[in-house]
Amino acid sequence: MVDVTAKTPTIRSATAEATVLVAPEVLEALTGGTVPKGDVWAVARIAGIQGAKKCAELLPLAHVIGVHGATVDFEVGEGRIRIIATTRTADRTGVEMEAMSAASVAGLAVVDMVKGLDRAVELTGVRLLEKTGGRSGTWRRDDAEHPAAPEAPEAPMSPGAPVDRG
């Protein structure tokens, strides 16, 4: 584990995303609030926040830091739910792993809630989008760096459109 004792605490933030690929009938159930297990959005949001707070318990060399802010938001697009998680702290090390944990765990919660409706549901595209603060300052993903990364839809699309999992 890297020793960060001598570092000065600074305000830091990180934003990550994950994508859940689902069938059209699942999007219809999600947007209509008819998923048998209940309120997917509330469960996934709370699971993501909990995932951020438990990051150091999951990753053996991650520092235990105070997660002073965490948000989990959703964008529904054609055949997919994009999860955007942002974490904030005032600490000696960043919250990138906490943001990625939040996005991942929120995605897993969505999968768990809808797997009975769509056995082919898929969690994919977990990645850091941005980090701020600390010695290295601000970093933002340039998708040209990773051209194979899945593209998020430009705008929300019809939930009834077919899913291309090819």
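Predicted model, so just to flag it, every value in this text is computed and none were measured.

Asker: I would appreciate a short explanation of the packing of helix H2 (residues 40-53) against helix H4 (residues 96-114) in the present structure.
Answerer: For any two helices packed against each other, the geometry comes down to the angle between their axes and how far apart the axes lie. One can describe the packing of H2 onto H4 by two numbers: an axis separation of 7 Å at closest approach and a directional angle of 145 degrees. The two elements H2 and H4 meet at a crossing, and its hand is right-handed. Two secondary-structure elements touch here, H2 through Val40, Val43, Ala44, Ala47, Gly48, Gly51 and Ala52 and H4 through Glu98, Ser101, Ala102, Val105, Ala106, Ala109, Val110, Met113 and Val114. Along the lines of polarity and charge, the residues of the contact of H2 with H4 split into twelve nonpolar, three polar and one charged.

Asker: Before we go on, may I ask you to explain helix H1 (residues 24-32) in this structure?
Answerer: One full turn of an α-helix is made of 3.6 residues, so residues set three or four places apart face in the same direction. By the burial criterion, the buried members of H1 are Val26, Leu27, Ala29 and Leu30. Buried residues of H1, seen end-on, are gathered within an arc of 160 degrees and therefore sit on one face of the element. Opposite the buried face of H1, by more than 90 degrees, sit the exposed residues Glu28 and Gly32. On its buried face, H1 is in contact with H2, strand S2 (69-77), strand S3 (80-91) and H4. Downstream of H1 by a residue or two, Gly33 has a phi angle that is positive, lying close to 70 degrees.

Asker: Teacher, can you tell me more about the environment of Gly66 here?
Answerer: Residue placement: Gly66 occurs in the loop between helix H3 (55-58) and S2. Not counting residues within four places of it along the chain, the set of residues in contact with Gly66 comprises Arg88, Thr89 and Asp91.

Asker: When you look at the environment of Val95 in this model, what are you seeing that I'm missing?
Answerer: Tracing the backbone through its elements, the reader meets Val95 in the loop between S3 and H4. For Val95, a relative accessible area of 1% gives the class buried. The sequence separation of Val95 and Gly66 amounts to 29 residues, and the corresponding C-alpha distance is 9.2 Å. Not counting residues within four places of it along the chain, the set of residues in contact with Val95 comprises Arg12, Ser13, Ala14, Ile65, Thr87, Arg88 and Thr89.

Asker: Would you mind showing me how to read the packing of aromatic side chains here?
Answerer: Aromatic ring pairs are defined here through the distance separating the ring centres and the angle between the ring planes. Applying the stated rule across the entire model yields one aromatic pair. Seen from their ring centres, Trp41 and Phe74 are 5.0 Å apart, and the 55 degrees between their planes marks the pair as tilted. Of this pair, Trp41 sits in helix H2 while Phe74 sits in strand S2; the two residues are 33 residues apart in sequence, bridging distant segments of the chain. Take Phe74: its relative accessible area is 18%, and that puts it in the buried class.

Asker: What is the right way to look at the side chain of Ser13 in this model?
Answerer: Residue placement: Ser13 occurs in strand S1 (residues 10-21). Only 2.5 Å separates the side chain of Ser13 from the side chain of Thr132, close enough to count as a polar contact. The contacts of Ser13, once residues within four sequence positions are left out, are Thr87, Arg88, Val95, Glu130, Lys131 and Thr132.

Asker: I would appreciate a short explanation of the pairing of S2 in the present structure.
Answerer: Remember that side chains alternate between the two faces of the sheet whenever the strand is regular. In this structure, S2 lies alongside S3, joined through nine bridges in antiparallel fashion. Looking at the pairing, Gly77 lines up with Arg80 of S3. Linkage of S2 to S3, two consecutive antiparallel strands, is achieved through a turn of two residues, within which Gly79 is found at a positive phi near 70 degrees.

Definitions and limits used
Residues numbered from 1 in each chain as written. Predicted model: local features only at pLDDT ≥ 70, side-chain atom pairs only at ≥ 80, totals over all residues. Heavy atoms only, no water. Axes fitted to C-alpha atoms, helices over the stretch in contact; angles between N-to-C directions. Helix = DSSP H or I, 4+ residues; strand = E, 2+ residues; numbered from the N terminus. Left-handed = near helix turned anticlockwise from the far one by under 90°. Contact = heavy atoms within 4.5 Å. Nonpolar A, V, L, I, M, F, W, Y, C, P; charged D, E, K, R; others polar. Buried < 20%, exposed > 50% of the residue type's maximum accessible area, 1.4 Å probe, protein only. Arc of directions from axis to C-beta. Phe/Tyr/Trp six-rings, centres within 6.5 Å; stacked < 30°, edge-to-face > 60°. Polar contact = N/O pair within 3.5 Å; in protein donor to acceptor, adjacent residues only side chain to side chain. Pairing = 2+ DSSP bridges.

Interpretation note: all reported values are geometric properties and have no functional meaning in isolation.
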